[in-house]
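One-letter residues, chain by chain:
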Amino acid sequence: MNAVRPIAVAAALLCAAGCVTSSDVQKLQSQISELQDQLAQVKRTASSKEEVQSVNQRIADQTQSLLKSNGTLVAKVGEIEEKMSNTQGSIEQTNYRLDKLGQQLTQQQHDIDDLKAAAARAAAAATAAATQPPPVTVQPGTAVTPTGGEVTVTGTGEDPVQVYQSAYRDYQRGNYDLAISGFKDFIARNPSSDLADNAAYWVGESLFSQKKYREAIQQFDSVVTKYPQSDKVPGALLKKGYAYIATNEKAKGIVQLQYVVHEHPTSQEAALARQKLKQLGVETN
């Protein structure tokens, strides 16, 4: 409007001077109208620029806010993933301990059954001996003339069952070297005992607990070879599979576990093998 005022003043002066025609006045009015239009356009343009700047500022503020939110979200996702990873590791460790505990409980139950059977046989033998005539005891260095009765020489050896139990207690206490020595001594002295296969198995368990996996595999193989009818065979096969997995021979371990499931499907060891295979991502029937 400031730009229009000088033109209007000039027009008034010209009219006052009497030298202005109607044509001049029309031209002047047209120019004034054009200037007014241009001024209005300038105002609209200025308003649009302010609005654009305002919108751009809002977009910038929202973008910054989204970036901050995204950064916070990424950090939270990272924390959640780390927690999940730690939880998964704890679950795997717990499953491993449960597997080991379950297998040990199964083997201990087998041992209890075997010890009960051995005790029953010993009691039966004692009862049978009680019905026989008392033997003549020969003390060391004493000469005895036969009298037609049975002559028995007393020995000083330990009770084989006590030797076995002593070695087993060493195993339970984590004294694996003593346990191995005790079980091997028991086998050497009592190769035909009903507990010989048990002793051989626990030698393998002791080696496995010491992480001597190669030696454990050989020992479990010997249990299967020497005592094929033993109730320790499923356990020996299972732990052999565990030992292969522990030595990063996963394929061999899986085959061994599948063999346990196939050959001893109703055993507790088969259930443990299925569970381990599932953890490894291998489905079984």
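Throughout, residues of each chain are indexed from 1 in the direction in which the sequence is written. With the structure being a predicted model, the display of local features is reserved for residues of pLDDT at least 70 and the display and counting of side-chain atom pairs for 80 or more, all residues being used for whole-chain, interface and lining totals. Note that the side-chain values use all heavy atoms of the structure and ignore hydrogens as well as water.

What to know about the environment of L238
Reasoning step 1: Each helix is a run of DSSP H or I of at least 4 residues and each strand a run of E of at least 2, with the numbering of both proceeding from the N terminus. Here L238 is to be found in helix 7 (residues 233-246).
Reasoning step 2: Buried means the residue's accessible area, taken with a 1.4 Å probe over protein chains only, is under 20% of the maximum for its type, while exposed means over 50%, and partly exposed covers the values in between. A relative accessible area of 0% places L238 in the buried class.
Reasoning step 3: Through-space distance from the C-alpha of L238 to that of A273 is 6.7 Å; in sequence the pair is 35 residues apart.

Focus: unusual backbone geometry
Reasoning step 1: Residues other than glycine seldom take positive phi values, yet K211 does so here, at roughly 65°.
Reasoning step 2: With respect to the helices, strands and loops of the structure, K211 is situated in the loop between helix 5 (196-209) and helix 6 (213-226).
Reasoning step 3: With phi around 65°, N248 is a residue other than glycine that occupies positive phi space.

Points about the nonpolar core
Reasoning step 1: Residues grouped as a nonpolar core are buried Ala, Val, Leu, Ile, Met, Phe, Trp, Tyr and Cys residues, joined through side-chain atoms within 4.5 Å. Of all hydrophobic cores here, the largest spans 40 residues; its most connected members are Y164, F183, W202, L238 and L257.
Reasoning step 2: For this core, the secondary structure elements donating two or more residues are helix 3 (160-172), helix 4 (176-189), helix 5, helix 6, helix 7, helix 8 (250-263) and helix 9 (268-279).

Points about the pattern of salt bridges
Any two side chains of opposite charge can pair, given that their charged atoms come close.
Reasoning step 1: Any carboxyl oxygen of Asp or Glu that lies within 4 Å of a side-chain nitrogen of Lys or Arg is treated as forming a salt bridge with it. The final tally for this structure, using the stated rule, is 5 salt bridges.
Reasoning step 2: Between E205 and K239 there is a salt bridge, with its nearest N and O atoms 2.9 Å apart. Here E205, found in helix 5, pairs with K239, found in helix 7; they are 34 residues apart in sequence, far enough to count as distant.
Reasoning step 3: The exposure class assigned to E205 is buried, which follows from its relative accessible area of 0%.
Reasoning step 4: Residues joined in a network through salt bridges with shared partners are R214, E249 and K252.

So, the packing of aromatic side chains
Here a ring pair, both rings aromatic, is described through the centre-centre distance and the interplanar angle of the planes.
Reasoning step 1: For Phe, Tyr and Trp, rings pair up if their centres lie within 6.5 Å, where Trp contributes its six-membered ring, and each pair is then called stacked (planes under 30 degrees apart), edge-to-face (over 60) or tilted (otherwise). Taken as a whole, this structure holds 9 aromatic pairs when the rule is applied.
Reasoning step 2: Plain terms: the ring middles of Y171 and W202 are 4.8 Å apart, the flat faces sit at 55° to each other, and that makes the pair tilted. Note that Y171 is positioned in helix 3 and W202 in helix 5, a separation of 31 residues in sequence. Across the pair, exposure class does not vary: Y171 and W202 are buried alike.
Reasoning step 3: Aromatic ring contacts, followed pair by pair, group Y168, Y171, Y176, Y201, W202 and F220 into a single cluster.

Here we look at helix 9
Reasoning step 1: To estimate the expected span of a helix, count its residues, drop one, and scale the result by 1.5 Å. The terminal C-alpha atoms of helix 9, which comprises 12 residues, lie 17 Å apart, in line with the 16 Å expected from a rise of 1.5 Å per residue.
Reasoning step 2: For helix 9, the full list of buried residues reads E269, A270, L272, A273, K276 and L277. Angular distribution of buried residues about the axis of helix 9 spans 160°; they occupy a single face of the element.
Reasoning step 3: G281 occupies a position one or two residues after helix 9 and carries a positive phi of about 85°. Taking the helix axis as origin, the arc is that swept by the directions to the C-beta atoms.

Limitation: the analysis is restricted to geometry and does not speak to function.
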